[in-house]
Amino acid sequence: MDQGKGSEKKKVMVAIDESESSHYTLEWYLDKLRDSIADSDVIIFTAQPNSDLGYLFASTYGTAPMDLVASIQENKKKVALLLLDKAKDICAKHGVEAETLTEIGDPKEAICEAVERLNVQLLVVGSHNRGPVQRAFLGSVSNYCVHNAKCPVLVVKKPAV
């Protein structure tokens, strides 16, 4: 039996976005899994989706000003950082110190890549409660993570009101 291994903290990553279900997921995790949080390093993660700037190039006849493109990307980064600050405040109210991380990319892929790179032991994601038609067109980040993340995935579904 490895003696040093038992003292390592587990890494838990909570993936969030700007949705109400994501906020619910973070609160649920902090409330319901309070006992396990003490033995875990908590990472709050959000992805900044790749910018589809095709509309921008089309509207400017293929010559979008670089400062406009940079401004759009900077705005997405600011939104992500504000979202992470809010999540960190929520964690602090529960007495939990959390690390935050944001990356650019397709959210489902960015989440799974971060899980693997950071050696996360548990991924917590929310469910947007989309129907089958919406899932077919928009995809499901939680479903993708369940099938592709290199760790157990806990999907938190907000109850219907």
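This structure is a prediction, so every number in the text was calculated from the model and none was measured.

Draft legend 1. Here's a closer look at the pattern of salt bridges. By the definition in use, this model includes 2 salt bridges. Put simply, Lys158 and Glu20 hold a salt bridge, and the shortest N to O gap is 2.0 Å. In this pair, Lys158 sits in the segment after strand E5 (153-157) while Glu20 sits in helix H1 (residues 20-32), placing the two residues 138 residues apart along the sequence. For Glu20, a relative accessible area of 58% corresponds to the exposed category.

Draft legend 2. Structural detail: the packing of aromatic side chains. Tallied over the full model, the rule gives 0 aromatic pairs. When the ring centre of Tyr144 is taken as origin, the NZ or CZ atom of Lys108, which lies over that ring, is 5.6 Å away.

Draft legend 3. Structural detail: the pairing of strand E1 (residues 10-15). Relative to strand E2 (residues 40-48), E1 runs parallel, the two being bridged by 6 bridges. By the bridge assignment, Val12 is partnered in E2 with Val42. Of the pairings in the sheet, the one linking E1 to strand E4 (residues 122-127) comprises 3 bridges and is parallel in character. Among the inter-strand pairings, Val12 is bridged to a residue of E4, identified as Leu122.

What counts and what doesn't
- The numbers attached to residues start from 1 for each chain and follow its sequence in the written order.
- Thresholds applied to this predicted model are a pLDDT of at least 70 for local features of residues and 80 or more for the giving and counting of side-chain atom pairs; totals over whole chains, interfaces and linings are not thresholded and use all residues.
- The basis for the side-chain values is all heavy atoms of the structure; hydrogens and waters are excluded.
- For salt bridges, the criterion is a side-chain nitrogen of Lys or Arg within 4 Å of an Asp or Glu carboxyl oxygen.
- Numbering of helices and strands runs from the N terminus; a helix is a DSSP stretch of H or I covering at least four residues, while a strand is a stretch of E covering at least two.
- Between buried and exposed lies partly exposed: a residue is buried under 20% and exposed over 50% of the maximum accessible area for its type, with that area taken using a 1.4 Å probe on protein chains only.
- We call Phe, Tyr and Trp rings a pair once their centres come within 6.5 Å, taking the six-membered ring for Trp, and we label the pair stacked below 30 degrees between planes, edge-to-face above 60, and tilted otherwise.
- When the NZ atom of lysine or the CZ atom of arginine is within 6 Å of a ring's centre and also within 35 degrees of its normal, the charge is said to sit over that ring.
- Strands qualify as paired when DSSP identifies two bridges or more between them.

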